[in-house]
Amino acid sequence: MIETIKGVISGEVSSDEETLDKYSRDASLFEVRPEAVAFPKDTEDLKKLVSFVAAGRKKGGKMSLTARAGGSDMSGGPLSESIVVDFKHFNRIKKVTGDYAIAEPGVFYRDFEKETLKQNRILPTYPASRELCALGGMIANNAAGEKTLKYGKTINYVEELKAVLSDGKEYVIRPLTKKELEEKIKEKSFEGRLYRDVYRLIEKNYDLVKKARPNVSKNSAGYNLWDVWNPDASVGGKGDKGIFDLTKLFVGSQGTLGFITEAKIGLVEKQKYSGLLVIFMKDLEVLPDVVKKTLALKPASFESFDDHTFGLALKFFTGFLKFLGAANIFSLAIQFLPEFLHVVLHGMPKMILLAEFEEKSQEEVDRKIRELDGVLEPYNLSTKIARTVESSKKYWVMRRESFNLLRHRIKGMKTAPFVDDIIVRPEHYPEFLPKLYDILNSYNLLFTVAGHIGDGNFHIIPLMKLENEEERKKIPAASEEVYNLVLKYGGSITAEHNDGLIRSPYLEKMYGKKVCKLFEETKKIFDPLNIFNPGKKVNSDLEFALEHIKR
Ligand SMILES: Cc1cc2nc3c(=O)[nH]c(=O)nc-3n(C[C@H](O)[C@H](O)[C@H](O)COP(=O)(O)OP(=O)(O)OC[C@H]3O[C@@H](n4cnc5c(N)ncnc54)[C@H](O)[C@@H]3O)c2cc1C
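The rules behind these values
The residue numbers shown here count from 1 along each chain, following its written sequence. Where totals are concerned, whole chains, interfaces and linings use all residues; where local detail is concerned, this predicted model gives features only for residues with pLDDT of at least 70, and gives and counts side-chain atom pairs only at 80 or more. As a rule here, side-chain values cover all heavy atoms of the structure and leave hydrogens and water aside. Under the scheme used here, helices are H or I runs from DSSP no shorter than 4 residues and strands are E runs no shorter than 2 residues, and both carry numbers assigned from the N terminus. Classification of residues uses two cut-offs on accessible area relative to the type maximum, computed with a 1.4 Å probe and protein chains only: under 20% is buried, over 50% is exposed, and between them is partly exposed. Charge counting follows a simple rule: Lys and Arg are positive, Asp and Glu are negative, and His as well as the terminal groups are ignored. Note on definitions: salt bridges are taken to be side-chain nitrogens of Lys or Arg within 4 Å of carboxyl oxygens of Asp or Glu. Within 3.5 Å is the distance limit for a polar contact, defined as a pair of N or O atoms, with the added protein rule that one can donate a hydrogen and the other accept it, and that residues adjacent in sequence qualify only through two side-chain atoms. Residues count as neighbours in contact if any of their non-hydrogen atoms are within 4.5 Å of one another. Geometry is summarised by axes, namely lines fitted to C-alpha atoms with helices restricted to the contacting stretch, and by angles between N-to-C directions that run from 0 to 180 degrees. Should an angle fall under 35 degrees it is taken as roughly parallel, and over 145 as roughly antiparallel, whereas 65 to 115 is taken as roughly perpendicular and any remaining angle as oblique. Crossing handedness is defined as follows: a turn of the near helix away from the far one that is anticlockwise and smaller than a right angle gives a left-handed crossing, while the clockwise case is right-handed. Classification used: nonpolar for Ala, Val, Leu, Ile, Met, Phe, Trp, Tyr, Cys and Pro, charged for Asp, Glu, Lys and Arg, polar for all others including Gly. If DSSP finds at least two bridges between two strands, the strands pair. Every patch collects residues that have over 30% relative accessible area and no salt bridge, joining them within 9 Å if they carry like charges and within 5 Å if they are nonpolar side chains (Val, Leu, Ile, Met, Phe, Trp, Tyr). Surface accessibility follows the Shrake-Rupley procedure with a 1.4 Å probe radius. Residue values consider only the protein chains on display as shielding. As defined here, a cavity is a set of points on a 1 Å grid over the protein atoms alone where a 1.4 Å probe fits but cannot get out. A pocket is an open set with protein on both sides within 12 Å along at least five of seven lines, and residues line them when an atom is within 4 Å of a point. Grid points are joined across faces, edges and corners, and a volume is the space filled by probe spheres set on the points. We define proximity as follows: a residue is near a molecule or strand when any one of its heavy atoms falls within 4 Å of that partner. Stacked, edge-to-face and tilted are the three classes for Phe, Tyr and Trp ring pairs, Trp counted by its six-membered ring, which pair at centre distances within 6.5 Å; planes under 30 degrees apart are stacked, over 60 edge-to-face, the rest tilted. What the arc covers is the set of directions going from the helix axis to the C-beta atoms. Nonpolar cores were defined as sets of buried Ala, Val, Leu, Ile, Met, Phe, Trp, Tyr and Cys residues, with membership established by side-chain atoms within 4.5 Å.

Caption draft 1: Summary view of the side chain of Asp306. Following the sequence through the fold, Asp306 ends up in strand β16 (residues 301-306). Lys350 provides the closest opposite charge to the buried, salt-bridge-free Asp306, at an N-O distance of 7.0 Å. One polar contact links Asp306 to Thr309, side chain to side chain, over a distance of 2.5 Å. Not counting residues up to four positions away in its chain, the partners in contact with Asp306 are Lys350, Met351, Phe447, Thr448 and Val449.

Quick look at the structure:
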């Protein structure tokens, strides 16, 4: 097979042990060995690959194509037993203006931001993995991050996409007016049929589709069908009503509908003035009140990490050396001295909250921080003001890098993200959180919890000995219980990390049979031969996933 594919594309194709080893893993708890890894040079290569695999599948072949950008997915999204398609050659940033950028999916976020910052702009949905991920993965997962509370998710910034679809051709995907949709539907092409079938599917099941939208601020579970057809919207609020936007379906679809080859992405101005109030929570009883009062002041970010994360960060603080730009280990130790002292004087806090304000002037930032500090005074909490970027940096690094640190530092234990991205509305905290902790403790799990407290999105990362079968058995059992609880409170099983191998099997539990049937039909419309990333979103297999947990 490898030799044949080598003849099909001009980019490299590898199947040596080292390459297959590397592409067997992402940041999830799985290991799935591909048959080969292809590195297409350009869109022509992608088209040829898709046509080649389509022809094979028509004859009963089993080959499939799974895209990979940065490979930092936590759900097993870019893993496959067949061909992994690495987008490293799609690394051009074609244009950056004050409003938007046009870039290819293999561009790493860290490089993208360097360019957008030249115009004092950012894509404000960067995830905590900002140093590891690329645009293709951010779009395909509908990623979100610390600024999502104020700015929303990646889906809000994707204005237009180019994608190679299952017929082996490249298309532009953008919002269409009703008139444009009517014209498109009349076309007898693959594209015409695709628009017609998706439109009919949504129109026919309109109430079911609209009702399926989870009632939380962020969601990456399933296909985002509910945002595609908006009969009441119009361009700029003017003219004929009706907007049909397939970018809303493509974003978050985890590479199961086609290959993204280019994206036009909206940008926002980088705010000059910001400051942080760090809140150390001794116990969680007053957490719901603290969250409510903080949200009322409209912070740009409101993040959290727990005592386990903080403890591990202090224990392995040397791991932050490269992120904090400390000259040496002693200057780094000095940076962390106040935190060590805090623990000695006040004990280990149960949770640390980071409330960041971005305003038009430093005075306004300071006023907001002081106001919040004052509002929280009755709760007798210990707080710390970090007014400058420099003084807040170490808290952000602890928040962003804790999972990464865990992945590399804990000997004999592996990070096991399986209930890593749950979300419920913050008003449910008083009832929801104690029940959540009860479930996790009942499995005797060592775990860290960090997340977006303002959105109700928690990243729970257990540390486990995955080679032990008894430990592995806890994974489906605890998932079942945690997801039952999340769904009882109207939440979503994944706010931003997406479904992949780990969560696709639970989509029916979340959405029910009828909605999952619509997901299956959606996949069939785009990809009738099941070329793109099979087993994710639809036709998933929990047994397969559990068999592929890394040992
Ligand atoms: C330490 C750490 C912290 C994280 N924090 C966050 C966080 O705060 N928020 C968050 O949302 N996520 C987070 N993640 C998960 C992950 O990093 C993000 O979802 C990220 O956006 C994935 O990007 P990637 O380039 O690594 O994608 P990959 O892992 O390469 O792929 C992700 C998915 O996108 C698909 N894909 C990639 N390229 C294309 C393409 N060209 N066309 C179609 N499909 C494509 C893949 O098939 C796969 O299903 C974190 C991960 C780590 C390791």
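Here the narrative resumes.
Caption draft 2: Spotlight on unusual backbone geometry. With a phi close to 55 degrees, Asn444 is a non-glycine residue in the positive phi region. Inspection of the secondary structure puts Asn444 in the loop between α17 (429-442) and β21 (446-452). Its identity is not glycine, yet Asn539 carries a phi of approximately 50 degrees, on the positive side. Checked against the element boundaries, Asn539 lands in the loop between α21 (513-526) and α22 (542-547). On the basis of relative accessible area, Asn539 is assigned to the exposed category, the value being 54%.

Caption draft 3: Geometry of the packing of helix α11 (residues 287-296) against helix α15 (residues 362-376). It is at 10 Å that the axes of α11 and α15 come closest, and there the two elements cross at 150 degrees. Here α11 lies roughly antiparallel to α15, going by the angle between them. Seen from above, α11 lies across α15 with right-handed handedness. For the pair α11 and α15, the contacting residues are Val290, Lys293 and Thr294 in the first and Leu372, Val375 and Leu376 in the second. Along the lines of polarity and charge, the residues of the contact of α11 with α15 split into four nonpolar, one polar and one charged.

Caption draft 4: Summary view of the sheet that holds strand β12 (residues 243-245). Spatially, the three strands line up as an open sheet ordered β10-β12-β11, and their pairing is antiparallel. Either end of the sheet is taken by a strand with one partner, and the two such strands are β10 (175-177) and β11 (229-230). Pairing between β10 and β12: three bridges, direction antiparallel. Bridging from a neighbouring strand, Thr177 pairs with Ile243 of β12.

Caption draft 5: Structural view of a nonpolar patch on the surface. A cluster of nonpolar side chains, contributed by Leu337, Leu341, Val344 and Leu345, occupies part of the molecular surface with about 430 Å² of accessible area. Here Leu341 shows up in helix α14 (residues 329-346). A relative accessible area of 45% places Leu341 in the partly exposed class.

Caption draft 6: Structural detail: the layout of surface pockets. By volume, the largest pocket is sized at about 810 Å³. Lining the largest pocket are 50 residues, with Ser72, Asp73, Met74, Ser129 and Asn141 positioned closest to its centre. Contributions of two or more residues to the lining of the largest pocket are made by β3 (65-68), α5 (135-141), β13 (259-266), α16 (389-409), β21 and β22 (457-464). No other element matches α16, which puts eight residues into the lining of the largest pocket.

Caption draft 7: Structural detail: the site of the ligand. The environment of the ligand is formed by 37 residues, the closest being Ala67, Ala69, Ser72, Ser129 and Ala144. Interatomic distance of 2.7 Å between a backbone N/O atom of Gly70 and an oxygen atom of the ligand. Note that a nitrogen atom of the ligand is positioned 2.9 Å from one of the side-chain N or O atoms of Glu496. Here the ligand, which alone exposes 980 Å², has 99% of that area covered by the protein. Those elements giving two or more residues to the shell around the ligand turn out to be β3, α5, β13 and α16.

Caption draft 8: View of the packing of aromatic side chains. Applying the stated criterion across every chain, the model contains 19 aromatic pairs. Relative to Phe244, the ring of Tyr199 has its centre 6.0 Å away and its plane inclined at 70 degrees; by these criteria the two rings are edge-to-face. On the criterion of sequence distance, the pair formed by Tyr199 in helix α8 (residues 190-204) and Phe244 in strand β12 is long-range, its members being 45 residues apart. Of the two residues, Tyr199 and Phe244, both sit in the buried class. Measuring from centroid to centroid gives 5.1 Å for Tyr483 and Tyr506, while their planes differ by 65 degrees, and the two rings are edge-to-face.

Caption draft 9: Geometry of helix α7 (residues 178-186). By the burial criterion, the buried members of α7 are Leu181, Lys184 and Ile185. One side of α7 carries all its buried residues, which in axial view fall inside an arc of 100 degrees. In α7, the exposed residues that point more than 90 degrees away from the buried face are Lys179 and Lys186.

Caption draft 10: Geometry of the nonpolar core. Core analysis: the biggest nonpolar cluster contains 118 residues, and Phe112, Leu225, Leu246 and Tyr511 have the highest contact counts within it. The residues contacting Phe112, other than those within four sequence positions of it, are Ile93, Ala101, Ala103, Val107, Leu123, Leu135, Ile265 and Leu267. In terms of nonpolar packing, the next biggest core, distinct from the first, is built from 21 residues, Val8, Ile9, Val53 and Val85 among them.

Caption draft 11: Representation of the packing of α8 against α21 in the model. α21 packs onto α8 with a crossing angle of 170 degrees between their chain directions and a minimal axis gap of 9 Å. Taken together, the axes of α8 and α21 are roughly antiparallel relative to one another. Note on element contacts: α21 touches α8 through Leu518, Glu521, Thr522, Ile525 and Phe526, opposite Phe190, Arg193, Leu194, Asp197, Val198 and Leu201. The residue inventory of the contact of α8 with α21, partitioned by class, reads seven nonpolar, one polar and three charged.

Caption draft 12: View of the side chain of Asp86. Note that Asp86 resides in strand β4 (residues 83-86). Although Asp86 is buried, it forms no salt bridge, and the closest oppositely charged side chain is Arg68 at an N-O distance of 5.0 Å. There is a polar contact of 2.7 Å between the side chain of Asp86 and the side chain of Tyr23. In contact with Asp86, other than residues within four places in its own chain, are Tyr23, Val37, Ala38, Phe39, Pro40 and Arg68.

Caption draft 13: Just the environment of Val85, in detail. Secondary-structure assignment places Val85 in strand β4. For Val85, a relative accessible area of 0% corresponds to the buried category. For the pair Val85 and Ser64, spaced 21 residues apart in sequence, the C-alpha to C-alpha distance is 9.9 Å.

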